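Report on the structure
Below, each chain spelled out in residue letters.
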Amino acid sequence: MEMPVEIGGHAPAFGMVAETAADVAAREALLDRAMGPKRRKKSSEKLRRGRRPSEGLAFVARDASGGVAGTVRLWDVRLGEGGAAVLLLGPLAVDPSLKNAGIGSALMRHAIAEAARLGHAAILLVGDAPYYARFGFSAEKTGSLAMPGPYERHRLLALELVEGALDGVHGTLKAAGRKLKAQELISAA
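Keep in mind that what you see is a predicted model, and the values were worked out from it rather than measured. Note on numbering: residues in each chain are counted from 1, in written sequence order. At least 70 in pLDDT is required for a residue's local features to be given in this predicted model, at least 80 for side-chain atom pairs to be given and counted, and no such filter applies to totals for whole chains, interfaces and linings, which use all residues. Excluded from the side-chain calculations are hydrogens and water; all other atoms, namely the structure's heavy atoms, are used.

**Section: the confidence of the model for the protein**
Looking at the protein, the pLDDT average stands at 88 and 89% of residues meet or exceed 70. How sure the predictor is of each residue is captured by pLDDT, a score from 0 to 100. By the convention used here, residues are in contact when the closest approach between their heavy atoms is within 4.5 Å. Confidence drops under pLDDT 50 across residues 5-12; counting only partners more than four residues distant or on other chains, this segment forms ten contacts.

This is the structure:
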């Protein structure tokens, strides 16, 4: 279902839609432009590698011509061995030529609303607290959690979609969810 987004008081310029297989090349090119080649070395990427996004939680923002202007995906992870299931958000990216147009915020609101609608309890991400605080994310409940590999602890943020979902959680995040099929692994490389 497309969610039109009004930017700057004009007619809807972007639509938030479910990502399709046809968006893969455009999404990857956008991520390369927005985040650079080092994006594949991040700790978050280790949790995503070889996995599919959580069912129904991969979105793109389309511009008026149908091009991919932004992307966000959420992934199934577990908090430690056999721990609670939560989501890991990322990457969130917008075409650099469209920064500050509200696309990233619209993608975030859409992804959070869909995750809540689908019954998920919490979302984690690694990012800048000043940006993500506006959506309710903080490091308040992530002190006993860890990412696999190097990361900046103060950038591990969480948002509870169900109050108390992260009370007392601890451990290192582990990949969960659906694995990619062999042909998807080849095209993702």
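There's more to say after this.
**Let's talk about the packing of aromatic side chains**
Centres within 6.5 Å make a pair out of two Phe, Tyr or Trp rings, where for Trp the six-membered ring is used; the pair is then stacked when the planes are under 30 degrees apart, edge-to-face when over 60, and tilted otherwise. Taken as a whole and assessed by the stated rule, the structure comprises three aromatic pairs. Here Tyr-131 and Tyr-132 contribute two aromatic rings whose centre-to-centre distance is 4.9 Å and whose plane-to-plane angle is 85°, an arrangement assigned as edge-to-face. Judged by its relative accessible area of 26%, Tyr-131 is partly exposed. Arranged with centres 6.1 Å apart and planes meeting at 75°, the rings of Tyr-132 and Phe-137 form a pair that is edge-to-face. Across the pair, Phe-137 and Tyr-132 agree in class, each one buried. One aromatic cluster is present, built from ring pairs that chain together Tyr-131, Tyr-132, Phe-135 and Phe-137. Burial classification: accessible surface area is computed with a 1.4 Å probe over protein chains only, and a residue below 20% of its type maximum counts as buried, one above 50% as exposed, and the rest as partly exposed.

**Digging into the environment of Arg-117**
For helices the rule is a DSSP run of H or I covering at least 4 residues; for strands it is a run of E covering at least 2, with both sets numbered from the N terminus onward. Take Arg-117: it is sitting in helix α3 (residues 103-117). Considering only alpha carbons, one finds Arg-117 and Leu-161, 44 residues apart in sequence, at a separation of 9.6 Å.

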